[in-house]
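Coordinate analysis (summary)
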Amino acid sequence: MQNSRRKFIQQTILGSYLGSHGGMLFADSKSQAPTSSLRKAKVVIVGAGFGGSATAKYLKIFSGGQIDVTLIDPSPNLVSCPLSNLVINGQMQISEIMKSRDPLQQKYGVRIIQDTVERILPEVKKIVLPQGITISYDKLILSPGIDMMWDSLPKMKDPVLQNRFVHAMKAGSQTLTLRKQLESMKDGEVFAISIPLAPYRCPPSPYERASQVANYFKKYKPRSKILVLDANAEITSKSTLFKKAWSNYYPNMIEYRNNHTLVDVDSSESALLFEVQDDVKASVLNVIPPMRAGDIAFHSNLANINQRWCEVDFLTYESKVIPDIHILGDAIQSSTQTPKSAQVANGQAKICASAIYQQLADLPINKNPTFSSICYSVLGEKTGAHISTMHQFDPKTQSMAVVSGSNSISTTDNAQEYSSAIKWANDIWSDTLI
Ligand SMILES: Cc1cc2nc3c(=O)[nH]c(=O)nc-3n(C[C@H](O)[C@H](O)[C@H](O)COP(=O)(O)OP(=O)(O)OC[C@H]3O[C@@H](n4cnc5c(N)ncnc54)[C@H](O)[C@@H]3O)c2cc1C
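For the structure given in this document, a descriptive report is provided here.

Here is what the cut-offs are and how they apply
- Residues numbered from 1 in each chain as written.
- Predicted model: local features only at pLDDT ≥ 70, side-chain atom pairs only at ≥ 80, totals over all residues.
- Heavy atoms only, no water.
- Core = buried A, V, L, I, M, F, W, Y, C linked by side-chain atoms within 4.5 Å.
- Buried < 20%, exposed > 50% of the residue type's maximum accessible area, 1.4 Å probe, protein only.
- Helix = DSSP H or I, 4+ residues; strand = E, 2+ residues; numbered from the N terminus.
- Contact = heavy atoms within 4.5 Å.
- Near = heavy atom within 4 Å.
- Polar contact = N/O pair within 3.5 Å; in protein donor to acceptor, adjacent residues only side chain to side chain.
- Nonpolar A, V, L, I, M, F, W, Y, C, P; charged D, E, K, R; others polar.
- Domains from an automatic or database assignment.
- Phe/Tyr/Trp six-rings, centres within 6.5 Å; stacked < 30°, edge-to-face > 60°.
- Lys NZ or Arg CZ within 6 Å of the ring centre and 35° of its normal.

**Things to note about the nonpolar core**
Membership of the largest hydrophobic core comes to 129 residues, with the highest contact counts inside it found for Ile-127, Phe-191 and Tyr-317. For this core, the leading source of residues is helix α11 (residues 342-360), giving 10 residues. When near neighbours in sequence (up to four residues on either side) are disregarded, Phe-191 contacts Leu-178, Leu-182, Met-185, Val-213, Phe-217, Lys-225, Ile-226, Leu-227, Ala-282, Val-284 and Asn-286.

The following block contains the structure:
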């Protein structure tokens, strides 16, 4: 029963959303005579990670290539956070999680600009690049991911400390720094990871990281220890599975302490300082600060919920603050049961792309959008586990709600689910970029 439901959810996730929604829309767009507004429409997308890249691709697909799409990101490749903990652990190379965006340009005709958007001028509908270059838009889409709330850890405002006590919650150079720090540790030394209060990017990922660091220590530094210092009252995702895996595979290696709110670091002592409890010293500190919407959204006053997250209309992903700016992915305020994940950003991207296409083509907007959430974690030596849910727009709350009975969670981690995790990652990379 559990298995067949999981299979159903997995099949629904990437393939059939397009079959039932995207495919239909593409057919619509072909049969529909192009409106002049559609032909002239200019969409600019800021951020070519999971949300932004998928939105660019699906805008082109849904409009039969008619919408002019410009995608802007400073990084030459998409570096995937999913599976990045396996790079930290040494099981994978960073090259295996670096994905080219060339197909978006070559196959779909998306214009890609490698740069950072510095400012938005909503009153004249333009974005500003360095050197004052401006680009006009009819619709602007932001999928800038997260940035850190350094104000909550005053000493960590220093960039030198940010490069020493890395968070590695944006895959790339920090992933490699953490890997090198682990390799430099002597057997018997301590690795400490501090986890902020939820919501933060990918709830299970810090616990997966602790598991994969333990997996590395077990092989190469068996006397070393891991301290998981969590501001939350309990492991925020797959709690039973993590606890079971830690006691089965890594006995006495991982110590979990809840309710540990980090207030700063002491760099001279290499110590974490907490609101209530004693300081904790360790050789390697993996400091994960509280997070908020990415800088471009934050500094454009779009993060109107608690000065952290952006409020949007869940039928179109249009900002509730500034019209014709759509925001998706980790930067938005979503319901408590919607994790900040690549899978969710992918679903939001398709809804946002279809709504913008429909708006520009004077078609009715889909009033019943759905997406799936599935999140795999690697717990042991090539063993994995998943948690998944289906989400549907609820007209009463005007938000995405979990479909009753759609929850599925592994009963135990195993090799088959590890293979599914690797397959899922390959599928989402393809669906986003190819
Ligand atoms: C360790 C770890 C493991 C994870 N594992 C999983 C997993 O197994 N499954 C899962 O579904 N999710 C996972 N996630 C979460 C997932 O990576 C994020 O939820 C997802 O990347 C969010 O997509 P996004 O588009 O919002 O942001 P991102 O993918 O981070 O993309 C944001 C992009 O915006 C760009 N950008 C920012 N500001 C600007 C600007 N001013 N101008 C131009 N470009 C800009 C950035 O360069 C970046 O490329 C994991 C995360 C971590 C940290």
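Still more to cover.
**A word on the site of the ligand**
Neighbouring the ligand are 33 residues, the closest being Gly-51, Asp-73, Ser-143, Arg-201 and Asp-330. Note that an oxygen atom of the ligand is positioned 2.8 Å from one of the backbone N or O atoms of Gly-51. Between Ala-342 and the ligand, the recorded distance is 2.9 Å, taken from a backbone N or O atom to an oxygen atom. Of all elements in the fold, only α3 (50-62), α4 (84-89), α8 (205-220) and α11 reach the threshold of two or more residues within the shell around the ligand. If one sorts the elements of the shell around the ligand by residue count, α11 sits on top with 3 residues. In terms of residue class, the shell around the ligand is made up of 15 nonpolar, 12 polar and 6 charged. A domain-level breakdown of the shell around the ligand finds at least three residues from each of domain 1 (2-147 + 292-368 + 418-433) and domain 2 (150-289).

**Observations concerning the packing of aromatic side chains**
Applying the stated criterion across every chain, the model contains 8 aromatic pairs. For the ring pair Tyr-249 and Tyr-250, a centre distance of 5.9 Å and an interplane angle of 70° mean the geometry is edge-to-face. A relative accessible area of 24% places Tyr-249 in the partly exposed class. Since its relative accessible area comes to 3%, Tyr-250 is described here as buried. On the numbers, 5.9 Å between centres and 85° between planes, the contact of Phe-314 with Tyr-317 is edge-to-face. Tyr-317 shares its class with Phe-314; the two are buried. An aromatic cluster is defined as three or more aromatic residues linked by ring pairs; in this entry it consists of Tyr-207, Phe-242, Trp-246 and Tyr-256. Sitting above the plane of the Tyr-216 ring, Arg-179 keeps its charged end 4.8 Å from the centroid. Here Arg-292 stacks its cationic end above the ring of Phe-298, 3.8 Å away from the centre of that ring.

That's the geometry; what it means functionally is another story.
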